[in-house]
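Structural overview for review
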Amino acid sequence: MTVAFLKTHKTAGTTVQNILFRFAERHNLTVALPHPSCEHQFCYPRNFSAHFVHPATRPPHVLASHLRFDRAELQRLMPPGTVYVTILREPAAMFESLFSYYNQYCPAFRRVPNASLEAFLRAPEAYYRAGEHFAMFAHNTLAYDLGGDNERSPRDDAAYLAGLIRQVEEVFSLVMIAEYFDESLVLLRRLLAWDLDDVLYARLNARAASSRLAAIPAALARAARAWNALDAGLYDHFNATFWRRVASAGRACVEREARELREARERLLRRCFGDEPVLRPAAQIRTKQLQPWQPSRKVDIMGYDLPSGRAGPATEACLKLAMPEVQYSSYLLRKQKRRGGMRLRPEPVLDNPPPRPIRALRPGH
């Protein structure tokens with residue numbers, strides 16, 4: 001009942017977050033949410049501080065919003081016995097997603113002619129500047145999110161990678177793998193002693209096919225892994241430990257449970273979104289609460305919509321199943337403030353506020 005999820009970037013973390021938000025709401029648990037000066041992230045990319053947590057959401061049972069990991073600060077916030085989990089993604093696929101999603105915000109990506117991933121990876125040092133705003137999205141983002149030094153190279157310092165792996169293993173009870181998402185949820189369910197229904201999900205924050213590469217050429221993938229060698233080392237290690245954990249649990253049992261999860265998920269999606277549930281562009285989603293945030297005009301983020309004419313508790317559950325991060329975070333904050341008897345009023349501004357997180361572009365801008 002007490003879970004801290006380190007939500008890494010472009011790893012299916014928003015879908016895991018939604019699972020945790022819905023579980024917390026069903027069980028009346030308190031979810032740690034960012035102070036409004038941080039918007040919907042815990043003042044990322046700054047190192048996490050317990051001061052970034054809204055007072056109406058303390059002490060929490062669940063934490064699942066973006067932050068840069070700081071072990072001491074999280075342990076100061078979360079109760080003893082908290083289970084720590086995170087998720088990693090294959091670095092080449094993750095980097096393609098980062099390059100597309102943050103292309104208008106990361107200076108290293110903006111410098112590249114014609115927004116060409118191939119051009120960037122051909123000579124990343126020509127575009128990348130360590131230390132500038134949002135530079136972490138262009139180099140070893142997983143290592144940065146985990147609190148590591150994303151400028152270190154395992155080719156020059158293998159001991160640093162080994163030390164970072166040890167630090168992660170000391171804290172995190174489970175490191176999920178995005179490419180094996182359903183198997184990861186089976187292990188998460190078992191770790192937390194949850195029911196299968198507790199980990200059903202709708203895919204969130206997914207790009208349209210027109211906004212992503214259908215397949216990453218092998219040479220490009222090698223270049224992406226070489227540039228993000230620290231992330232590649234982390235992923236390779238934890239992918240191997242993931243499958244050892246699956247073997248320990250019984251691979252046939254995990255595969256059977258993953259199949260049951262997929263079947264139950266399909267039934268739920270049809271019940272919520274119609275006989276042929278499909279992801280839609282934001283412009284085609286009538287329900288405002290389900291319209292996903294769009295990072296730029298060049299990237300289309302898809303979402304689900306509710307069939308018209310439905311109401312009641314079942315519809316409310318379906319709404320939460322597909323609710324994007326920004327809307328769900330705002331909803332939970334309002335709900336927890338009311339539960340705590342706080343008046344809904346403008347929030348004070350933090351001393352020394354961080355740089356503003358990325359905002360959605362308004363129509364026509």
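Residues numbered from 1 in each chain as written. Predicted model: local features only at pLDDT ≥ 70, side-chain atom pairs only at ≥ 80, totals over all residues. Heavy atoms only, no water.

- Going by an unreviewed UniProt entry, the protein chain carries the name Galactose-3-O-sulfotransferase 3 and comes from Ovis aries.
- Checking UniProt for the protein chain, the heading Sequence similarities (unreviewed entry) contains the comment "Belongs to the galactose-3-O-sulfotransferase family."
- Turning to the protein chain, the UniProt record has this under Subcellular location (unreviewed entry): "Golgi apparatus, Golgi stack membrane". (UniProt positions renumbered as here; feature names shortened; annotations may be inferred.)

Here's the deal with the packing of aromatic side chains
- The tally for this structure, following the rule as stated, stands at 25 aromatic pairs.
- Note on F69 and F172: the rings are 5.3 Å apart at their centroids and 45° apart in plane angle, and the pair reads as tilted. With a gap of 103 residues between them, F69 in the loop between β3 (62-63) and α2 (71-77) and F172 in the loop between α7 (158-171) and β5 (174-177) connect regions that are remote in the sequence. Both residues of the pair, F69 and F172, count as buried.
- Measuring from ring centre to ring centre gives 5.4 Å for Y128 and W227, while their planes differ by 80°; the resulting arrangement is edge-to-face. Residue Y128 is located in the loop between α5 (117-122) and α6 (141-145), and its partner W227 is located in helix α9 (residues 218-227); the two are separated by 99 residues in the primary sequence. (Phe/Tyr/Trp six-rings, centres within 6.5 Å; stacked < 30°, edge-to-face > 60°. Helix = DSSP H or I, 4+ residues; strand = E, 2+ residues; numbered from the N terminus. Buried < 20%, exposed > 50% of the residue type's maximum accessible area, 1.4 Å probe, protein only.)

Looking at the environment of S37
- Within the element layout of this structure, S37 appears in the loop between β2 (31-32) and β3.
- Of the residues examined, S37 reaches a relative accessible area of 7% and is grouped as buried.
- Between the alpha carbons of S37 and V326 there is a distance of 14 Å; along the sequence they are 289 residues apart.

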